[in-house]
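Structure assessment
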Amino acid sequence: MDKFVIRGGEPLLGTVRVSGAKNAALPCMAAALLTDQPVILENIPQVRDIQTTRNLLAAMGAEVELGYGRAQHRTTIHCATLAAPEASYELVKTMRASTLVLGPLVARCGHARVSLPGGCAIGARPIDLHIKGLERLGTKITQEHGYVEASTDRLKGAEIVFDKITVTGTEDLLMAATLADGETILQNCAREPEVADLADLLNKMGAKITGAGTPTIRVKGVSKLRGAKHRIIPDRIEAGTYIIAGAMTGGDLNIAGCDPSHLNALLSKLHEVGVKTKSSADSVRVMGDNPFTAADMSTEEHPGFPTDCQAQFMALATQAEGTSIITENIFENRFMHAQELVRMGANIKIEGRRAVVRGKTPLSAAAVLASDLRASASLVLAALVADGETIIDRVYHIDRGYEHIEEKLKGVGAQIRRIGEMFPKKAAAVK
Ligand code: UD1
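Residues numbered from 1 in each chain as written. Predicted model: local features only at pLDDT ≥ 70, side-chain atom pairs only at ≥ 80, totals over all residues. Heavy atoms only, no water.

Regarding the site of the ligand
Inclusion rule: We call a residue near a molecule or strand as soon as one heavy atom of that residue lies within 4 Å of the molecule or strand. Throughout this description, a polar contact denotes any pair of N or O atoms lying within 3.5 Å of each other; where both atoms belong to protein, one of them has to be capable of donating a hydrogen while the other can accept it, and for residues adjacent in sequence the pair is counted only when both atoms sit in side chains. Helix and strand labels come from DSSP, where a helix needs a run of H or I of at least four residues and a strand needs a run of E of at least two; each type is numbered from the N terminus. Delimitation of the domains relies on an automatic or database domain assignment.
Looking at the ligand, there are 18 residues lining it, with D128, T166, T168, D308 and I330 nearest. One of the side-chain nitrogen or oxygen atoms of D308 is found 2.6 Å away from an oxygen atom of the ligand. The separation between an oxygen atom of the ligand and a polar main-chain atom of I330 is 2.6 Å. Contributing elements (two or more residues each) for the shell around the ligand: α5 (128-136) and α6 (167-178). A domain split of the shell around the ligand shows at least three residues from each of domain 1 (3-19 + 234-419) and domain 2 (22-220).

Written as C-alpha cells, this is what we have:
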C-alpha cells in the first residue's frame, strides 16, 4: 500500500492545473450505456474511480478506450451490445457511484442487476431514492442476495419528488427518463454543476432535458439516443483543495483551468476566514500570507458549502485564531479526519454532527491514516504546514479522486513523495 511522506513548511508558489471533475465524468461514462453509438468524453481525470468505471462497463460488454497523455485524457465508450447488464458487488463495493448504471441499464436493456452498495466509511448511504424513482417510472424492482433486480417493458414518464436531495439519485433518474415514454418531471433535484454537465451531454446525445442545475428538471422522453462528444467540466473539489493548500501554506498559488462560478460558497467562506483570492474566468489566485480568523461553516447541498470540502476546511480551521464550529449536514459520519488531525496537534471536539475546532494550534508531523477520499486530502493539507515529516498511510483513497496529487503539489514547491510497500517501512527523508 502506498504512503505519502510530506515535509511541511514550504509555501506553495506557482501554478497548479485542475483536472476534469471525477463526479461529472462518472455519470457521463454511465450515460454511454444509453446508446449503441460511441460516446467520446474529454478531460477525463486519471484517477482510480475512472478505471473502476471502465472495468464495470467493459464487464457488461462495452468497448472502452481510455487514453491519457498530451491533449488526450479522453475515453471513447461504445456500448454496441450489452451482453451482461450487471454490476457486481466486487466493483460496487469499491466505488458506490457504480449504482449510476442502474437507471441507464433499465432504460436501454429493460433489465439490470446491480449490487446494493452497503454502508461506507462516511455513512449508511442508501439508494432507496434511486429505487423509488425508478419504480415511479414503471420499473419492477426486487432485492435478493444483496442485489437489486430491475425490469420493465417500457419506462413511462412520471412526476417524481425526491424526499431528500441526492446527487447521483438525480443523475440516475435523469438518465433513465431520457428514454421513457412521455414527460418526466423531477422535483427537489440536486443542483450540483455535475448534474448540469451530465444533462449537457445527454442533450448532445439527443435527449430533451430542461432545468438541469435547478430544483426542477423536465425530461421529454425520446425513443433513441445517439453518440456525442463532450468535454467534462473542471473538478471544483480538487480546485477547492488546492486553494486551501495555497492559503494554509502562506503561498501564492494560481489554480488554473477551474470554473470559479462553481466555487462561490467556498470562496466566500474563505474570504470570511481572511484568505485573499482573485478570480479570472478560469482561474483563482490565492495569496495566503495573512492570519486567519475562525468562522463557522455548515455543509449544504449545492449551491451551499460542499461536504466534499469539509475535511479540507477543517484542516484550515486548525490554523485560524478562535473557535470554528463545523456542521456536517449531508453525511452522518464524515469526521474521521478529525482524530488524525488531533494526533497532529489540532484541538477538535466532535459533538454529533458538529466539530468544534479551537485554533490556532501548531501542527506536528505524525504517522496518520487516510480513511476516505476527502479525509486524505485534509491530512495532506495539515502535513503541508506541520513541523517535520508526516507519513500518510492508505493513500489509495486519495488516488480514487485526485489526479497525480503528489506531482501537482511537488510542481509548486511541496516536499512530498510517494513510497510503495516495496520500500522499507521506515520512510526515507524527503529531499
Ligand atoms: C455525491 C458525490 C459525493 C458527494 C455527495 C454529496 C458523486 C459520484 N459523489 O454522492 O462526492 O459527497 O454527492 O454532495 O457524485 N441518500 C438517501 N437515499 C438515497 C440517496 C442518498 O438517503 O437513495 C442520502 C445519503 O445517505 C446522504 C444524502 O442523501 O445522506 C446525500 O447523498 P447523495 O447526494 O446521494 O450522495 P452521492 O450521490 O452518493
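So, the pairing of strand β21 (residues 347-351)
Put simply, the test is: Two strands pair under a simple rule: DSSP has to find at least two bridges between them.
Summarising the sheet, β21 and strand β22 (residues 354-359) pair through five bridges and their orientation is antiparallel. Considered in β22, the bridge of K349 is made with V356.

As for the sheet that holds strand β24 (residues 389-393)
What counts, and what does not: Note on geometry: axes are C-alpha line fits, over the in-contact stretch for helices, and angles between N-to-C directions span 0 to 180 degrees.
Spatially, the four strands line up as an open sheet ordered β23-β24-β1-β25, and their pairing is mixed. Strands with a single pairing partner mark the edges of an open sheet, and in this sheet they are β23 (367-369) and β25 (415-419). Between one strand axis and the next, the sheet turns through 20 degrees on average, direction left out of account. Pairing of strand β1 (residues 3-7) with β24, which is carried by five bridges, proceeds in the antiparallel orientation. Directly across from K3, in β24, lies its bridge partner D393.

Re empty space enclosed by the protein
Formally: The distinction between a cavity and a pocket rests on a 1 Å grid over the protein atoms alone: a 1.4 Å probe fits inside a cavity but cannot get out, while a pocket stays open yet meets protein on both sides within 12 Å along at least five of seven lines, and a residue with an atom within 4 Å of a point counts as lining. Grid points are joined across faces, edges and corners, and a volume is the space filled by probe spheres set on the points. As a working rule, the residues Ala, Val, Leu, Ile, Met, Phe, Trp, Tyr, Cys and Pro are called nonpolar, Asp, Glu, Lys and Arg charged, and the rest polar, with Gly in that last group.
Here the structure, examined in full by the defined rule, presents two cavities of 30 Å³ or more. Estimated volume of the largest cavity: approximately 40 Å³. The wall of the largest cavity is formed by L26, A30, T53, L56, M95, A97, S98, L100 and V101. Elements represented by at least two residues in the lining of the largest cavity include exactly α1 (22-31) and α2 (48-59). In terms of residue class, the lining of the largest cavity is made up of seven nonpolar, two polar and no charged.

Quick look at the domain arrangement of the protein chain
In many analyses, interface size is given as the accessible surface area lost on bringing the parts together. Rules: The contact rule is simple, with two residues in contact once any of their heavy atoms fall within 4.5 Å. Here the quantity called buried area is the total loss of accessible area, with a 1.4 Å probe, experienced by two parts when brought into contact, counted for both. Here, a salt bridge means any Lys or Arg side-chain nitrogen found within 4 Å of an Asp or Glu carboxyl oxygen.
Annotation of the protein chain at the domain level lists domain 1 (3-19 + 234-419) and domain 2 (22-220). Distance from the C-alpha centre of domain 1 to the C-alpha centre of domain 2: 30 Å. Taken together, the contacts link 25 residues of domain 1 with 22 residues of domain 2. When domain 1 packs against domain 2, the two sides together hide about 1900 Å² of surface, and 49% of this comes from carbon and sulfur. Contact with domain 2 buries area across many residues of domain 1, yet H302, R400 and E403 alone supply 31% of it, more than any other trio. Note that D49 and R400 form a salt bridge whose closest N and O atoms lie 2.9 Å from each other. Scanning the region where domain 1 abuts domain 2 turns up nine residue pairs in polar contact (both at pLDDT 80 or more). Along the lines of polarity and charge, the residues of the side of domain 1 that touches domain 2 split into seven nonpolar, seven polar and eleven charged.

Some points on the pattern of salt bridges
Heads up, the condition is: Categorising residues by exposure relies on relative accessible area from a 1.4 Å probe, with only protein chains included: less than 20% of the type maximum marks a residue as buried, more than 50% marks it as exposed, and the intermediate range marks it as partly exposed.
One pass over the full model with this rule turns up 22 salt bridges. Across the pair E340 and R343 runs a salt bridge whose closest N-O atoms are separated by 3.6 Å. Residue E340 and its partner R343 are both found in helix α11 (residues 336-343); the two are separated by three residues, about one turn of the helix. Given the relative accessible area of 48%, R343 is considered partly exposed. The residue D399 makes a salt bridge to R418 at a minimum N-O spacing of 2.8 Å. Placement of D399 in helix α13 (residues 396-399) and of R418 in strand β25 is noted, with a sequence separation of 19 residues between them.

A word on the state of the cysteines
Filter applied, for reference: The criterion for a disulfide is a pair of cysteine sulfur atoms lying within 2.5 Å.
What the rule picks out here adds up to zero disulfides. A disulfide-free cysteine, C79 has its sulfur positioned 9.0 Å from the sulfur of C109, the nearest such atom. Free of any disulfide, C189 has its nearest cysteine sulfur in C28, 16 Å distant.

A closer look at the packing of aromatic side chains
Under the convention used in this document: Paired rings are identified among Phe, Tyr and Trp, the last through its six-membered ring, by centres lying within 6.5 Å, and are further divided according to the angle between planes into stacked (under 30 degrees), edge-to-face (over 60) and tilted (the rest). Lysine and arginine charges are scored as sitting over a ring when NZ or CZ, respectively, is within 6 Å of the ring centre and within 35 degrees of the ring normal.
The full count for this structure, using the stated rule, is one aromatic pair. Ring geometry for F305 against F313: centres 5.6 Å apart, planes inclined by 70 degrees, an arrangement best described as edge-to-face. On the accessibility criterion, F313 (1% relative accessible area) is buried. The aromatic ring of Y147 is capped on one face by R113, whose charged end is 3.9 Å from the ring centroid.

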